Amino acid sequence: MSSGIQLDDDGLARCAWAGSDAEYRRYHDEEWGVPLHGDRALFEKLSLEGFQAGLSWITILRKRPRFREVFAGFEPVTVAAFGDADIERLMADAGIVRNRAKIEATIGNATLVAALADGELDTLIWSFAPTPSGAPRAASYGDLPASTAESTALSRELRRRGFRFVGPTTMYALMQSAGLVDDHVEGCWRAA
C-alpha cells in the first residue's frame, strides 16, 4: 500500500487524511469526490469552503449542522435577505465560525447566486471541471496540487462576478469536495 492510505479497522484502505474520526471517514466515504449538482448544494459547498479558509476542514465539518441551521439551509434567496441583525446574531453564535468578513461574504455571495437563473451556478462551476487526464493517481495527499489552472480560472470568473472568499486554493478544495475532480489516492477503496 502507498503511504497516502491507511488500512482502517473496518478493513477498508482509505486516503490517510480521513484519519480515525468517524465523521471524517463518513465524509471521505460518502461525499468527498462525489459529483454534486444543484445551485443550493453548490452554494453551501462554496460557503463552507470559504469559512474553512485558514482552518481545518474537520472544524467546518463538525460545525456544518449548525451552519445549515443558522444559514437557513443555505437557501440563497433567504440568505440574501439577511441584514445587520442577522450578522450580529451569527457573530454571537459559537456553533459556527464567527468571522465577520466570511459571514458578510456568504450573504453577499447569496445575493449574487439569487440573481442567477435557476441552474446557472451549477452550470458555471461545472464548466471549469477539468477533462480527466488519464494520469496515474497520486500516491499521497501531499502529491496533489493546492490549486490548478482550472481552479484559478474559476476563482477569477467568480471574483469578476463579485464573489468573495473564492481564491484558487479554496476553489480547488471545492472542486475536490464537489467531485469536479477525484483526488482519492492510489490504493484507496474509493479510487475508481
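Residues numbered from 1 in each chain as written. Predicted model: local features only at pLDDT ≥ 70, side-chain atom pairs only at ≥ 80, totals over all residues. Heavy atoms only, no water.

With an unreviewed UniProt entry as reference, the protein chain is termed DNA-3-methyladenine glycosylase 1, source organism Microbacterium ginsengisoli.

## Overview of the overall build of the protein chain
The test is simple: Each helix corresponds to a stretch of at least 4 residues labelled H or I by DSSP, and each strand to a stretch of at least 2 residues labelled E; elements are numbered beginning at the N terminus. Radius of gyration means the value over C-alpha atoms here, while the globule rule gives 2.2 Å times the residue count to the 0.38 power. Here the term buried applies to any residue with accessible area under 20% of the maximum for its type, exposed to any over 50%, and partly exposed to those in between, with areas from a 1.4 Å probe on protein chains only. Throughout, a residue-residue contact means that at least one pair of heavy atoms, one from each residue, lies within 4.5 Å. Here the open area of atoms and residues is found with the Shrake-Rupley method and a 1.4 Å probe, where only the protein chains shown may cover a residue. Charge convention: Lys and Arg are scored as positive, Asp and Glu as negative, and His as well as the terminal groups of each chain are ignored. A single reference atom marks each charge: NZ on Lys, CZ on Arg, CG on Asp, CD on Glu.
Along its length, the protein chain carries 9 helices and 2 strands. Ordered by position in the sequence, the α and β elements of the protein chain form the string β-β-α-α-α-α-α-α-α-α-α. Taking 16 Å as the expected radius of gyration for a compact globule of 192 residues, we find that the protein chain reaches 17 Å, a close match to that expectation. Judged by the C-alpha coordinates and their principal axes, the protein chain covers about 50 × 35 × 25 Å. Within the protein chain, buried positions represent 46% of all 192 residues. At a minimum sequence separation of 6, the contacts of the protein chain that also span at least 24 residues come to 64%. When the accessible surface of the protein chain is summed, it comes to about 8900 Å², and 54% of that surface belongs to carbon and sulfur atoms. Charge-centre separation for the protein chain: the mean point of 21 positive side chains lies 4 Å from the mean point of 27 negative side chains.

## Thoughts on the environment of Ala94
Structurally, the position occupied by Ala94 is in the loop between α5 (84-91) and α6 (100-114). Sequence spacing of Ala94 and Arg66 is 28 residues, and the spatial spacing of their C-alpha atoms is 9.5 Å.

## A word on the UniProt feature "binding site: Zn(2+)" (unreviewed entry) in the protein chain
So the rule is basically this: UniProt positions are given in the numbering used here, feature names are shortened, and annotations may be inferred rather than shown by experiment.
Within the UniProt annotation, "binding site: Zn(2+)" (unreviewed entry) is assigned to Cys15, His28, His184 and Cys188. Annotated residues spanning 174 residues; largest pairwise C-alpha distance 10.3 Å, indicating a single compact cluster. Tracing the backbone through its elements, the reader meets Cys15 in strand β2 (residues 13-15). Take Cys15: its relative accessible area is 0%, and that puts it in the buried class. Once residues within four sequence positions are removed from consideration, Cys15 is found in contact with Gly4, Ile5, His28, His184, Val185 and Cys188. Mapped onto the fold, Cys188 is located in the segment after α9 (168-177). The contacts of Cys188, once residues within four sequence positions are left out, are Ile5, Ala13, Arg14, Cys15 and His28.

## Things to note about the packing of aromatic side chains
In this description, an aromatic ring pair is defined by two values, namely the gap between the centres and the angle between the planes. Basically, it comes down to this: Pairing of aromatic side chains here covers Phe, Tyr and the six-membered ring of Trp, requires ring centres within 6.5 Å, and sorts the geometry by plane angle: under 30 degrees stacked, over 60 edge-to-face, intermediate tilted. Criterion for a charge above a ring: Lys NZ or Arg CZ within 6 Å of the ring centre, and within 35 degrees of the ring normal.
Applying the stated rule across the entire model yields 12 aromatic pairs. Where Phe71 meets Phe74, the ring centres are 5.5 Å apart and the plane angle is 10 degrees; that geometry is what we call stacked. Classification of Phe71 as buried rests on a relative accessible area of 0%. Among the residues examined, Phe74 registers a relative accessible area of 0% and is labelled buried. Note on Phe71 and Phe82: the rings are 6.1 Å apart at their centroids and 25 degrees apart in plane angle, and the pair reads as stacked. Of this pair, Phe71 sits in the loop between α3 (57-70) and α4 (76-80) while Phe82 sits in the loop between α4 and α5, and the two are 11 residues apart along the sequence. By the ring-pair criterion, three or more aromatic residues cluster together here, those being Trp17, Tyr24, Tyr27, Trp32, Trp57 and Tyr141. Cation over ring: Arg190 sits above Trp189, and NZ or CZ is 5.9 Å from the ring centre.

## Notes on the environment of Ala105
Structurally, Ala105 is set in helix α6. You can call Ala105 buried: its relative accessible area is 1%. Put simply, Ala105 and Phe163 are 58 residues apart on the chain and 7.5 Å apart in space, counted from C-alpha to C-alpha.

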